[in-house]
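Listed below, chain by chain, are the residues.
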Amino acid sequence: MHSISNDWEFTKLPSDEFLKGAGGEFTRVRIPHTVGESPLHYADPDDYSGVFGYRKKITVTDLNKRRFVQFDGAAHVLELFVNGEKCGEHFCGYTAYRKEITEYLHEGDNLIAVRLDTTERGDVPPFGYVIDYLCFGGLYREVWLDEKEKSLIDDVYLYTDHQGDLSVQVTVDGEFSGLKFTVLDGDAPVHSFSGDKLYYHEKIAGVDPWSPESPKLYTLQTELVDRKGDTVDVRRDRFGFRSVWFNADGMVLNGRKYFMRGLNRHQCWPYIGYAAPRSLQVEDARILKEELCVNAVRTSHYPQSQHFIDACDEMGLMVFTELPGWQHIGDEAWKERSLDNIREMIMQYRNHPSIVLWGVRINESVDDDEFYKKTNALAHELDHRRQTSGVRYLEKSHLLEDVYAFNDFSHDGKTPGCKKKKDVTTDMQASFLISEHNGHMFPTKSFDHAEKRQEQALRHARVLGAAYADGEHAGCFGWCMFDYATHKDFGSGDRICYHGVLDSFRNPKLAAALYRSQGDEPYLEVGSNMDIGDYAAGNIGDVWLFTNADEVELYKNDNFVTSFKATSNGLPHPPMKVTDTVGELLKTQEGYSGRKEKLLHDSLIAAGKYGMANLPLKYKLKMGWCMVKYGLTYEDGVRLYGKYIGNWGGAVTSWRFDAKKDGNVVASVTKKPSRLLHLDVLPSSRELTEGDTYDMAAVRIRVLDENGAVAPYAQLPVKLTLEGEAELVGPSVVTAEGGMCGTYVRTVGKKGSARLTVSTDQTEPIIIDYTIN
């Protein structure tokens, strides 16, 4: 296949004349394309809803070839025209549409045209009722033209195990005399076989299995040989050797029990909606793997870009993917289209080793046994080596799939982290996982107050830790990776669901620290900036540390206070609480009582607020009584209970947290008041590639203080200036919300260079130079 994503003509008035190539107003666009850019806040379906037209000329010189056109993603109903004649239609915005157009072509110039309906038509899944996400419109994934001989390879289905078993099932369209197969490790052949059958089973020695830790990929090259002995078609499919099975004990990958620690992902970005090229798809996978340290992702609530799934294959992210849908089940015609969606999803994605589970139930729908018997049967028919699941919010729901996937929103900050398996399903022999948690239960903005931002992280920790600890869950997928635009029926007043552990631009909120701390690279984040003015009465209260270190030492003004270790909650690396150390000491003393501990606590708070010289007599008496009772001096109290001494009106306090692993400091964080701000600008890439279509770089922007912490109150206007052979996507002035924002740089069809300048009135500017190849 070769891309035909460049140089399309686009119109908002797709008349019959336009579809036949006879004039009409249009603009030139490149694919992926959104029919209408949306603002970050207050986006609305009206930004992109309607009926639109696209057209492109192609030149045909050899009519002996067969030709197919393929649209990887057209949201949401596509009508295809070739030389003015309608030749096909497609009713799904989330799977590819491939159509042979040979009979409609003539020698010379030919016109491919599309009428695209981007409205939420009730006869097309996922539509028919309300939906908690925007479903942006356009030809938002690439378009391809495939030229073939009369006989061709229509499909290759691969399935393997981790011990080197390889089964290959081929579908051929046309006459042939044989097939040749070569297994490649990179470009090096490692195994070959051939024959005139359509099914083969081979045992290959010495293979390296695919896993999240070592995502080894191989390529199967399939050659179709005609009766003359000539190769007339060649196809390459990437795959991995791995065995996956879900059972009552959880998930087993390559003979080893795994726990899927994951997040849910939508496929949208600010301004451009769904229309993102390969580079941004890959960047999301990288963030999940390297920055959030998960090993799994759920593609909620539809199949996503092949580029994203390819990246999951390469990076070692296990994928739970599902058919399009959100709660609503339509009539019989709607259900038939949903079955078509499943067929296309499985046929198009089944060779990806990263995909471990098919979702064949409409997300959060009610039971419909007749319908779901059909969806499961179809999935098992098309791919008998993968199991099925279906996401529900219902307890004791009818389980027709292999894995009971449950959206567990039971945790409210005080209740247990998750529900027990026996309370959710009657089938204790089935595998069981949490498909969503948190999210709408505790929406959190990057500019919310400190306690709320920390609580969001702790709620993720409690649910994930409980799922790890009980041994009943095969995995746990948090809701969700990043904030996203939604309909007026959901989200905050600006129509954003602030459910993500990242903001819309993929900047990390504090909850992201919980996930990153589960990784292997040394890491430490403190759940508070230790600014007393953020807290009632200047009492900072409980502070949590997110780290994978063995212990964390606390220093106040460079004087050692104490050290902390985590208490297990099931997580590989649970958060550490900066504990009430005097309270813990008092509990070991004879005659301890909570009332006496509170007396000392209140006294120390007052000492911090007023200073010892001005401490009211009642507090001096309380403190003196407690100190004498337990043999403590005031200095002991300050040293042990240091975090509660607020220094209200006193000298600036500096807090240093040193994370130690095997006795060595591996990470350090300092918290103290700061006024010296600087910009931290992180481009996804400084090298962009012009080619089959445009390229893009995401740019994440944060305002940091002198200690490297995000300055959440620096909600500054950020000015963006771009020069050179590229364009800015979105406005040229944005707001640092919670100290964070972002933008995008897109190529414009020319090679060369570009320069982005990011500036505010309170910081030095940052310059990012791009090379465009």
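## Overview of the overall build of the protein chain
Argument step 1. Tallying secondary structure elements over the protein chain gives twelve helices and 48 strands in all.
Argument step 2. Rg of the C-alpha trace for the protein chain: 29 Å, near the compact-globule value of 28 Å for 773 residues, within the 12% margin.
Argument step 3. Expressed as a percentage of its 773 residues, the buried residues of the protein chain come to 60%.
Argument step 4. Intrachain contacts of the protein chain at a sequence separation of at least 6 include 68% that bridge at least 24 residues.
Argument step 5. Summing over all exposed atoms, the protein chain offers an accessible surface of approximately 30300 Å²; the carbon and sulfur share of this is 47%.

## Observations regarding the packing of helix α2 (residues 278-291) against helix α3 (residues 306-315)
Argument step 1. Across the interface, α2 lies against α3 with an axial gap of 8 Å and an inter-helix angle of 40 degrees. With respect to each other, α2 and α3 are oriented oblique. In this structure, α2 meets α3 at a crossing whose hand is right-handed. On the side of α2, the interface is formed by Arg278, Gln281, Val282, Asp284, Ala285, Arg286, Leu288 and Lys289, while α3 contributes His307, Phe308, Ala311 and Met315.
Argument step 2. Looking at the contact of α2 with α3 residue by residue, the class counts come to six nonpolar, two polar and four charged.

## Examining the sheet that holds strand β35 (residues 551-556)
Argument step 1. Taken together, four strands build an open sheet; the order of strands is β36-β35-β38-β39 and the sheet is antiparallel. At either margin of the open sheet sits one strand with a lone partner, and together these are β36 (559-564) and β39 (664-671). Taken over all neighbouring pairs, the strand axes of this sheet differ in orientation by 25 degrees on average, direction set aside.
Argument step 2. Here six bridges tie β35 to strand β38 (residues 655-661), and the two strands are oriented antiparallel to one another. Pairing of Lys556 across the sheet is with Trp655, part of β38.

## Topic: the sheet that holds strand β42 (residues 696-704)
Argument step 1. In space, the four strands of this open sheet follow the order β40-β42-β46-β44, with antiparallel pairing throughout. Looking at the sheet topology across the chains shown, the edges are occupied by β40 (678-683) and β44 (726-729). Strand after strand, the sheet turns through a mean of 25 degrees between neighbouring axes, direction not considered.
Argument step 2. In terms of strand pairing, β40 meets β42 through six bridges, oriented antiparallel. The partner of Val681 across the bridge, within β42, is Ile701.

## Side note on unusual backbone geometry
Peptide bonds are, in most cases, trans, and in most cases residues other than glycine have a negative phi.
Argument step 1. With an omega of 10 degrees, the peptide bond running from Ile31 to Pro32 counts as cis.
Argument step 2. The topology assignment puts Pro32 in the loop between β3 (27-29) and β4 (51-60).
Argument step 3. Cis geometry marks the peptide bond from Pro125 to Pro126; its omega dihedral reads 10 degrees.
Argument step 4. By the element assignment, Pro126 lies in the loop between β10 (108-117) and β11 (138-139).
Argument step 5. Even without glycine at this site, Asn557 takes up a positive phi of about 50 degrees.
Argument step 6. Notably, Asp558 is not glycine yet its phi reads approximately 70 degrees, a positive angle.
Argument step 7. With a relative accessible area of 58%, Asp558 lands in the exposed category.

## Concerning the pattern of salt bridges
Argument step 1. What the rule picks out here adds up to 59 salt bridges.
Argument step 2. The salt bridge partner of Arg746 is Glu37, with a shortest N-O separation of 3.8 Å. Of this pair, Arg746 sits in strand β46 (residues 740-747) while Glu37 sits in the loop between β3 and β4, and the two are 709 residues apart along the sequence.
Argument step 3. Here Arg746 falls in the buried class, since its relative accessible area comes to 15%.
Argument step 4. With a relative accessible area of 43%, Glu37 lands in the partly exposed category.
Argument step 5. Between Asp550 and Lys661 there is a salt bridge; the shortest N-O distance is 3.5 Å. Here the residue Asp550 occupies a position in the loop between β34 (543-547) and β35, and Lys661 occupies one in strand β38, the gap between them amounting to 111 residues.

## Side note on helix α7 (residues 450-470)
Argument step 1. Here α7 is 21 residues long and its end C-alpha atoms lie 31 Å apart, about the 30 Å a rise of 1.5 Å per residue gives.
Argument step 2. Here α7 lies mainly inside the structure; 16 of its 21 residues are buried.
Argument step 3. In the segment just after α7, Gly471 is the residue with positive phi, at about 70 degrees.

## Here we look at the packing of aromatic side chains
Argument step 1. Summed over all chains, the structure comprises 28 aromatic pairs.
Argument step 2. Plain terms: the ring middles of Tyr274 and Tyr302 are 6.1 Å apart, the flat faces sit at 55 degrees to each other, and that makes the pair tilted. Here Tyr302 lies in the loop between β24 (296-299) and α3 and Tyr274 lies in the loop between β23 (260-264) and α2, a separation of 28 residues in the sequence.
Argument step 3. Residue class for Tyr274 comes out buried when judged on its relative accessible area of 2%.
Argument step 4. Every member of this aromatic cluster is reached through a ring pair, and the members are Tyr48, Tyr94, Tyr133, Phe136, Tyr140, Tyr274 and Tyr302.

## Brief notes about the packing of helix α4 (residues 332-349) against helix α5 (residues 369-382)
A pair of packed helices can be characterised by two numbers: the angle between their axes and the separation between those axes.
Argument step 1. Where α4 meets α5, the axes come as close as 10 Å, and the angle between the chain directions of the two elements is 20 degrees. As summarised for this structure, α4 and α5 are arranged roughly parallel, according to the angle between their axes. As α4 packs across α5, the resulting crossing turns out to be right-handed. On α5, the residues touching Lys335, Ser338, Leu339, Ile342, Arg343, Ile346 and Met347 of α4 are Phe371, Lys374, Thr375, Leu378, Ala379 and Leu382.

## What about the nonpolar core?
Argument step 1. Within the largest apolar cluster, 106 residues are counted, with the highest numbers of intra-cluster contacts made by Tyr54, Phe71, Leu80 and Leu292.
Argument step 2. Take this core: its biggest share by element is seven residues, from α7.
Argument step 3. The contact partners of Leu292, leaving out residues within four places of it in the chain, are Leu263, Ile287, Met481, Val501, Leu502, Ala512, Tyr515 and Arg516.
Argument step 4. In this structure, Ile272, Tyr498, Val758 and Ile772 belong to the second largest nonpolar core, which totals 38 residues.

## Let's talk about the environment of Lys488
Argument step 1. Residue placement: Lys488 occurs in the loop between β31 (484-485) and β32 (496-497).
Argument step 2. Take Lys488: its relative accessible area is 62%, and that puts it in the exposed class.
Argument step 3. It is 7.7 Å that separates the C-alpha atoms of Lys488 and Asp44, two residues lying 444 residues apart in sequence.

## Structural notes on the environment of Trp269
Argument step 1. Summarising the element assignment, Trp269 is placed in the loop between β23 and α2.
Argument step 2. Trp269 gets classed as buried once you look at its relative accessible area, which sits at 6%.
Argument step 3. Spatially, the C-alpha atoms of Trp269 and Ala698 are 9.8 Å apart, while their sequence positions differ by 429 residues.
Argument step 4. Not counting residues up to four positions away in its chain, the partners in contact with Trp269 are Tyr274, Ala276, Leu280, Gln281, Asp284, Arg506 and Tyr744.

## Section: the confidence of the model for the protein chain
Argument step 1. Per-residue confidence for the protein chain averages 92 on the pLDDT scale, and 91% of its residues sit at or above 70.
Argument step 2. Counting interchain partners and residues more than four positions distant, the pLDDT-below-50 stretch residues 639-649 has 41 contacts.

## Brief notes about the pairing of strand β19 (residues 231-239)
Argument step 1. Alignment of strand β18 (residues 218-225) against β19, held across eight bridges, turns out to be antiparallel. Each residue of the ladder has a partner; that of Gln221, found in β19, is Arg236.
Argument step 2. Hairpin connection of β18 to β19: five residues between the antiparallel strands, including Gly229 at a positive phi of 90 degrees.

## Comments concerning the side chain of Asp146
Argument step 1. One can find Asp146 in strand β12 (residues 143-148).
Argument step 2. For Asp146, a relative accessible area of 6% puts it in the buried group.
Argument step 3. In this structure Asp146 touches Met1, Arg66, Arg67, Phe68 and Arg98, once residues within four positions along its chain are discounted.

Parameters at a glance
- Residues numbered from 1 in each chain as written.
- Predicted model: local features only at pLDDT ≥ 70, side-chain atom pairs only at ≥ 80, totals over all residues.
- Heavy atoms only, no water.
- Helix = DSSP H or I, 4+ residues; strand = E, 2+ residues; numbered from the N terminus.
- Rg over C-alpha atoms; globule rule 2.2 N^0.38 Å.
- Buried < 20%, exposed > 50% of the residue type's maximum accessible area, 1.4 Å probe, protein only.
- Contact = heavy atoms within 4.5 Å.
- Areas by Shrake-Rupley, 256 points an atom, 1.4 Å probe, with all protein chains shown as cover.
- Axes fitted to C-alpha atoms, helices over the stretch in contact; angles between N-to-C directions.
- Parallel < 35°, antiparallel > 145°, perpendicular 65-115°, else oblique.
- Left-handed = near helix turned anticlockwise from the far one by under 90°.
- Nonpolar A, V, L, I, M, F, W, Y, C, P; charged D, E, K, R; others polar.
- Pairing = 2+ DSSP bridges.
- Salt bridge = Lys/Arg side-chain N within 4 Å of Asp/Glu carboxyl O.
- Expected span 1.5 Å × (residues − 1).
- Phe/Tyr/Trp six-rings, centres within 6.5 Å; stacked < 30°, edge-to-face > 60°.
- Core = buried A, V, L, I, M, F, W, Y, C linked by side-chain atoms within 4.5 Å.
- pLDDT = per-residue confidence, 0-100.

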